[in-house]
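Chain by chain, the residues run as shown.
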Amino acid sequence: MKSIFSVFFIVFSTLLFSNLALSQTFNATYASIANQCSSTNILNNLTEYEALGLKRRGTQELENTFIWLKNKYLSYGYTISQIQEDAYTYPGSPAICKNLIVTKVGTVYPNTFVIIDGHYDSIGGSGTNDNGSGVVSILEVARLLQNVPTKYSIKFINFSGEEDGLYGSQHYVSTIVNGTTPKMDIRLLFNIDEVGGVAGVINNSITCERDTSTPTSNNAASNVFTNELIACVGLYSPLNTVLSYAYASDYMSFQSNNEVITGFFETNETTHRHTPTDLLINMDPPYVHNVAKAAIGAMLHFSILDTALNVENYESEFQVSFFPNPTKSIININKGTLLAQDYSIEVFDLHGKQVFSKTFQKAKQLEQINLTNFKSGMYLFVLEANGKRITKKIVVN
């Protein structure tokens, strides 16, 4: 959500990109994944989002949209254990609103997160552009990255409460980001808000937003990531870019918490924002498709595809992982996309002797084993669930 009367300090990035491209090169794998972005999915999801109606706090339409989003992620292969519902109430309002968080654990830096977010609530109408366009873009990113191993963990977040004052993102930052011990480590927050374009005009540019506000300690890092975002747009989509500044959307809740942020916003701004005419007919769906392609390439760049892993093995092992490895005192078990509620762990030393066993019932997405009594050396960890066996070699120092 932004004011149409905002004054941009705009720098067109043709020259900027030519300089960036020297240090950020084309990745054929990233392009291959981005090119799988489906224009049919974009159009169908926009149509479905619009049909859900006005999405305000306390309405059944908001709850219906939440359920619709949850079912979309499940249909892409994410599991219930990867999905978190963050419920809250507005100040002075008894209405219960929900943020939806989907977590995909990274293979090398599982405790560091790249977050891609956008709000799903609307005001004045169905909000098909503001922000159905951002919602469907994030859904395509989530769909295509579901079975791709990335070094950094990813959180796909759909916030409510944005249109009434960033309430959903503020609640998430205060209770979850800052409520985690230690505090959640966020590499980057990538916000997508209103990227639907304007029907009947040429929409060939996307605005990339950097942090220029106080606190200023992360402004330089935001500028670096936003320049990388600009490069990704040129590498993985046909769009041009415009450099501007971030404000008045959910990334500002993170910005004020001293996190590093960047974002997308349409360059040609709609005149239908916050009205009953914010509809698909007044948008440019092919433009949304191109924005989504750019976002897919950027998220692969920010979260870093793990080329050391075979994608087929990654999928056949249900994305199960053990970390850190090597380790000294604890091992975390990421359940991945394993649907079984219960699983057992057996640990064997190099001589084949079982040195540990445990069964986790109603297992959470992440479970932990204390290894302080283990001698230094290599061990074979065997996870078994519903007849499936997944083995990993773990080094204990």
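The shown structure was predicted, so the numbers you read here are calculated from the model rather than taken from an experiment.

1. Re the overall build of the chain
- A count of helices and strands for the chain gives ten helices and 16 strands.
- Principal axes of the C-alpha set define a box for the chain whose edges measure 70 × 55 × 40 Å.
- Every one of the 397 residues in the chain was classed for burial, and the buried ones make up 55%.
- At a minimum sequence separation of 6, the contacts of the chain that also span at least 24 residues come to 78%.
- Of the roughly 16200 Å² of accessible surface on the chain, 53% is carried by carbon and sulfur atoms.
- If the 27 positive side-chain charges of the chain are averaged to one point and the 34 negative ones to another, these points end up 10 Å apart.

2. Focus on the sheet that holds strand β14 (residues 366-370)
- What the three strands build is an open sheet, ordered β10-β11-β14; its pairing is antiparallel. Two strands lie at the open edges of the sheet, namely β10 (321-323) and β14, each paired on one side alone. Between one strand and the next, the sheet's axes are offset by a mean angle of 25°, whatever the strand orientation.
- Bridge count between β10 and strand β11 (residues 330-334): three bridges; the pairing is antiparallel. Bridging from a neighbouring strand, Ser-321 pairs with Asn-334 of β11.

3. So, the nonpolar core
- Residues Tyr-73, Leu-145, Phe-156, Phe-190, Ile-206, Phe-264 and Ile-296 are the most contacted members of the largest nonpolar core, which totals 68 residues.
- Here this core takes eleven residues from helix α9 (residues 285-303), the largest share from any one element.
- Other than its neighbours up to four places away in sequence, Ile-296 contacts Ile-33, Ala-34, Cys-37, Glu-140, Val-141, Leu-144 and Leu-145.

4. Digging into the packing of helix α3 (residues 39-51) against helix α5 (residues 128-145)
- As a packed pair, α3 and α5 sit with axes 9 Å apart at the nearest point and diverge in direction by 135°. One element, α3, and the other, α5, form an angle in the oblique class. The handedness of the crossing between α3 and α5 comes out as right-handed. Seen from α3, the contacting residues are Asn-41, Ile-42, Asn-45, Leu-46, Tyr-49 and Glu-50; seen from α5, they are Thr-128, Asn-131, Gly-132, Ser-133, Val-135, Val-136, Leu-139, Glu-140 and Arg-143.
- Here the residues of the contact of α3 with α5 sort into six nonpolar, six polar and three charged.

5. Quick word on the packing of aromatic side chains
- Applying the stated criterion across every chain yields a total of 20 aromatic pairs.
- Aromatic side chains Tyr-78 and Phe-156 sit 5.9 Å apart centroid to centroid with 65° between the ring planes, which places their arrangement in the edge-to-face category. Taken together, the residues Tyr-78 in the loop between α4 (60-75) and β2 (83-89) and Phe-156 in strand β5 (residues 152-159) connect sequence positions 78 residues apart. For the residue pair Tyr-78 and Phe-156, the accessibility class agrees, reading buried in each case.
- For the ring pair Phe-190 and Phe-302, a centre distance of 6.3 Å and an interplane angle of 80° mean the geometry is edge-to-face. Of this pair, Phe-190 sits in strand β6 (residues 185-192) while Phe-302 is found in helix α9, placing the two residues 112 residues apart along the sequence. In this structure, Phe-190 and Phe-302 share a single accessibility class: buried.
- Three or more aromatic residues joined by ring pairs form one cluster here, namely Phe-190, Phe-225, Phe-264 and Phe-302.

6. Brief notes about the side chain of Lys-55
- Summarising the element assignment, Lys-55 is placed in the loop between α3 and α4.
- Here Lys-55 sits buried without a salt bridge, and the closest side chain of opposite charge, Glu-50, lies 8.1 Å off (N-O distance).
- Of note is the side chain of Lys-55, whose polar atom sits 2.5 Å from the backbone oxygen of Gly-53.
- Side-chain polar atoms of Lys-55 contact the backbone oxygen of Ser-126, separated by 2.8 Å.

7. Some words on α3
- Taking 1.5 Å of rise per residue, the 13 residues of α3 would be expected to cover 18 Å, and the 18 Å separating its terminal C-alpha atoms lies within 8% of that figure.
- Those residues of α3 lying buried are Ile-42, Asn-45, Leu-46 and Tyr-49. Along the long axis of α3, the arc covered by the buried residues comes to 105°, so they all point the same way.
- The secondary structure elements touched by the buried residues of α3 are α4, α5 and α9.
- Between a side-chain oxygen at the N-terminus of α3 and the backbone nitrogen of Thr-40 the separation is 3.3 Å; the capping residue is Ser-38.
- Gly-53 lies just past α3 and shows a positive phi near 85°.

8. Digging into the sheet that holds strand β13 (residues 354-360)
- The four strands are arranged β13-β12-β15-β16 in an open sheet whose pairing can be described as antiparallel. The open sheet has two free edges, formed respectively by β13 and β16 (388-396), since each of these has just one partner strand. Pairs of neighbouring strands in the sheet enclose a mean axial angle of 20°, with direction left out of account.
- Taken together, the six bridges between strand β12 (residues 343-348) and β13 define a ladder with antiparallel strand orientation. The residue of β13 that forms the bridge with Phe-348 is Gln-354.

Cut-offs used in this document
Residues numbered from 1 in each chain as written. Predicted model: local features only at pLDDT ≥ 70, side-chain atom pairs only at ≥ 80, totals over all residues. Heavy atoms only, no water. Helix = DSSP H or I, 4+ residues; strand = E, 2+ residues; numbered from the N terminus. Buried < 20%, exposed > 50% of the residue type's maximum accessible area, 1.4 Å probe, protein only. Contact = heavy atoms within 4.5 Å. Areas by Shrake-Rupley, 256 points an atom, 1.4 Å probe, with all protein chains shown as cover. Lys, Arg positive; Asp, Glu negative; His and termini not counted. Charge placed at Lys NZ, Arg CZ, Asp CG, Glu CD. Pairing = 2+ DSSP bridges. Axes fitted to C-alpha atoms, helices over the stretch in contact; angles between N-to-C directions. Core = buried A, V, L, I, M, F, W, Y, C linked by side-chain atoms within 4.5 Å. Parallel < 35°, antiparallel > 145°, perpendicular 65-115°, else oblique. Left-handed = near helix turned anticlockwise from the far one by under 90°. Nonpolar A, V, L, I, M, F, W, Y, C, P; charged D, E, K, R; others polar. Phe/Tyr/Trp six-rings, centres within 6.5 Å; stacked < 30°, edge-to-face > 60°. Salt bridge = Lys/Arg side-chain N within 4 Å of Asp/Glu carboxyl O. Polar contact = N/O pair within 3.5 Å; in protein donor to acceptor, adjacent residues only side chain to side chain. Expected span 1.5 Å × (residues − 1). Arc of directions from axis to C-beta.

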